[in-house]
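Close look at the chain arrangement
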Amino acid sequence: MKKQILIFFLLAGLAGCDKFLDIKPKGEVIPETAKDFDNLLNSQFLVIGAEVYPNIMTDDVHIPTVDEYGITGINTINRYTKNLYTFQKEVFGESESDNYWSRSYNRIYNYNTIIERVLSATHGTESEKRALRAEALVGRAFDYLMLVNAYAKHYDANTAKTDLAVPLILTGNVPDGTLTRATVEEIYQQIKNDLTEAEEFLPENPKTNTFRASAKAVKGIFARMYLYLGEYEKALSYANSLLTSHPYLLDLKSYHISRNPEVAHWHGRIINYPYGKDNKESIYLKFPPNEYGLSMSVFVSQELLNLYDLKNDKRALLYFSNKFYGWPMEGYAYMPYIYVNVGISTPEIYLIAAECEARIGNKNRALQLINTLRDHRILNNVPLTAGTNEEVLKLVLDERRRELLMGVSRFIDLRRLNREPRFAKTITRVIEEMKPIEITETDKETGEKYSYTVYEKTGKEDTYTLEANSPRYVLPIPPKILRFNPGMPDNER
């Protein structure tokens, strides 16, 4: 019974945590043995990573005006999704929780508790306890990397020491008092400290499966972090080291969709696709709160669709559908029904290495890397060629969009690339105004009346624009947090 209760320890909090961080205490259960802490790291809550909802703001997503087939529609989606899609200043209301924030700090609270207490645990060797602590350090570093790239301006060496980020909580005993926001520089320094300390005590490969941290996971997070920082030589060094030991890529050309209604989801099922921990591309596996991410929630923008060879690119053939229960749709919905890894995976490492090579000046290796990836994704792939580093860099960035779609990548890529004038872009949405009409009909068999709503075009359109480097690329601090921390400034949006 105690082991079952332990998984709920992750929701435990001390007095005040719930108000000031918007986490939800459930009653505290204290692990005592090394095995208890090991079980805690196996808990379902800690395999969750960053939310994917910021993707709604990006140029990869399209939400149609009318929900015609039960997929989605601007008239039927929830309020915060509509706010994101139309680039509103406010995202969540006063009574709503922002799960990106609250779930991240729930995990950080638990990682902090492991970091503080596991070395005093009973029935475990010193090396076992050091390794468990190191795993918690990696988990904390990962969450802070995702938080700083959502609730703060993108890293700028000139302003990072003054740009406000998120509260830096390093203890399980959160004080019952007003929180303050650390700077972007402070958050990144803590991430570096945690990863550096952890790497010494971790095995090269995970203890049981890729939900658990390893030295490879540390290298992958470092590679991602240094890419975001614009320190391309360091990012390349970590990516190259990781590719030497973990070059594995799935060959998507060998997979296909089942259309058997007995086994299919809404549009089909990818036969024999390795899910979750069985996918050898995974290096550090983190699911979004809904393991399928944005599946069945959004359509693919025409701009993104145009980047794919719709006849030969298996990513498009497996992940997109223009039919719903056999009925044709206007556009392609994102319907992969595969578990989304927002953690670290081999394809991302190939792309990090390729981008860094293109930026530093080795265009031939950059091409080699993305062509290797494409060989595992595209039927009858014809290798890409380019004459200059700039041309290769553009090819690599396009490949990032194809490969890392609907995870956490595009939102952060827009933030960092908008700072380079050659890649800066404005996103525009044009939405037709619709008028709801209530229809009442009578069932011919039962005689019962029933009602439903249809939407009729009014002939008007609304245009919404997100400029490059807009402050709305920084998510607002949740209203609940500001209410309990009156001295905490919000992000200017």
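Quick note: structure is the one above.
Okay, so let's go over this structure. For clarity, every value in this text was computed on a predicted model and none was experimentally measured.

Each value, and the rule that gives it
Residues numbered from 1 in each chain as written. Predicted model: local features only at pLDDT ≥ 70, side-chain atom pairs only at ≥ 80, totals over all residues. Heavy atoms only, no water. Helix = DSSP H or I, 4+ residues; strand = E, 2+ residues; numbered from the N terminus. Buried < 20%, exposed > 50% of the residue type's maximum accessible area, 1.4 Å probe, protein only. Areas by Shrake-Rupley, 256 points an atom, 1.4 Å probe, with all protein chains shown as cover. Salt bridge = Lys/Arg side-chain N within 4 Å of Asp/Glu carboxyl O. Axes fitted to C-alpha atoms, helices over the stretch in contact; angles between N-to-C directions. Parallel < 35°, antiparallel > 145°, perpendicular 65-115°, else oblique. Left-handed = near helix turned anticlockwise from the far one by under 90°. Contact = heavy atoms within 4.5 Å. Nonpolar A, V, L, I, M, F, W, Y, C, P; charged D, E, K, R; others polar. Lys, Arg positive; Asp, Glu negative; His and termini not counted. Polar contact = N/O pair within 3.5 Å; in protein donor to acceptor, adjacent residues only side chain to side chain. Phe/Tyr/Trp six-rings, centres within 6.5 Å; stacked < 30°, edge-to-face > 60°. Lys NZ or Arg CZ within 6 Å of the ring centre and 35° of its normal.

Some thoughts on the overall build of the protein chain
When you go through the protein chain residue by residue, the secondary structure sums to 16 helices and ten strands. By the burial criterion, 55% of the 493 residues in the protein chain qualify as buried. Approximately 21300 Å² of the protein chain is accessible, and the part contributed by carbon and sulfur atoms is 49%.

Focus on the pattern of salt bridges
In this structure the tally under the stated criterion is 41 salt bridges. One salt bridge connects Lys253 with Asp251, and the closest N-O pair in it is separated by 2.8 Å. Look at Lys253 and you get partly exposed, because its relative accessible area is 30%. Within the structure, one salt-bridge network assembled from shared partners comprises Glu281, Asp313, Arg315, Arg374, Arg377, Glu399, Arg402 and Glu403.

Description of the packing of helix 7 (residues 184–199) against helix 8 (residues 215–229)
At a closest axis distance of 10 Å, the pairing of helix 7 and helix 8 adopts a crossing angle of 155°. When the axis of helix 7 is compared with that of helix 8, the two are roughly antiparallel. Note that helix 7 runs across helix 8; the crossing there is left-handed. For the pair helix 7 and helix 8, contact is made by Tyr188, Ile191, Lys192, Leu195, Thr196 and Glu199 and by Ala215, Val218, Lys219, Ile221, Phe222, Met225, Tyr226, Tyr228 and Leu229, respectively. Taken together, the residues that form the contact of helix 7 with helix 8 break down as eleven nonpolar, one polar and three charged.

Comments concerning the side chain of Lys286
With respect to the element layout, Lys286 can be found in the loop between strand 4 (282–284) and strand 5 (299–300). With no salt bridge to any partner, buried Lys286 finds its closest opposite charge in Asp143, at an N-O distance of 5.4 Å. Within the structure, Lys286 has its side chain in polar contact with the backbone oxygen of Leu46 (distance 2.8 Å).

Here we look at the side chain of Asp194
By secondary structure assignment, the location of Asp194 is in helix 7. A relative accessible area of 2% means that Asp194 is categorised as buried.

Digging into the packing of aromatic side chains
A complete count under the given rule lists 21 aromatic pairs for this structure. Considering the side-chain rings of Tyr226 and Tyr238, the 6.0 Å spacing of their centres and the 10° angle between planes classify their relative orientation as stacked. Residue Tyr226 is located in helix 8, and its partner Tyr238 is located in helix 9 (residues 232–245); the two are separated by twelve residues in the primary sequence. Arg130 extends its terminal NZ or CZ atom over the ring of Phe201, reaching a point 5.6 Å from the ring centre.

Things to note about the packing of helix 12 (residues 346–360) against helix 14 (residues 389–403)
The geometry of helix 12 relative to helix 14 is characterised by a closest axis approach of 9 Å and an angle of 160° between their N-to-C directions. Taken together, the axis directions place helix 12 and helix 14 in an arrangement best described as roughly antiparallel. For the pair helix 12 and helix 14, the crossing hand works out as left-handed. The segment helix 12 lies against helix 14, with Pro347, Leu351, Ile352, Ala354, Glu355, Ala358 and Arg359 engaging Asn389, Val392, Leu393, Val396, Leu397, Glu399, Arg400 and Glu403. Its residues placed into classes, the contact of helix 12 with helix 14 shows nine nonpolar, one polar and five charged.

A short note on the environment of Phe211
Among the secondary structure elements, Phe211 is positioned in the loop between helix 7 and helix 8. Under the relative-accessibility criterion, Phe211 is labelled buried at 19%. Considering only alpha carbons, one finds Phe211 and Lys286, 75 residues apart in sequence, at a separation of 6.7 Å. The contacts of Phe211, once residues within four sequence positions are left out, are Val47, Lys277, Tyr284, Leu285 and Phe287.

Observations concerning the environment of Ala366
Along the polypeptide, Ala366 turns up in helix 13 (residues 363–375). Counting along the chain gives 13 residues from Ala366 to Ala353, while the straight-line C-alpha distance between them is 7.2 Å. Leave out the neighbours within four places in its chain, and Ala366 touches Ala354, Glu357, Ala358 and Val392.

A word on unusual backbone geometry
For Phe87, which is not glycine, the phi torsion reads 60° and is therefore positive. Within the secondary structure layout, Phe87 lies in the loop between helix 4 (79–85) and helix 5 (99–117). Of note in the backbone geometry, His123 takes a positive phi value of approximately 60° without being a glycine. You can see His123 is positioned in the loop between helix 5 and helix 6 (126–148).

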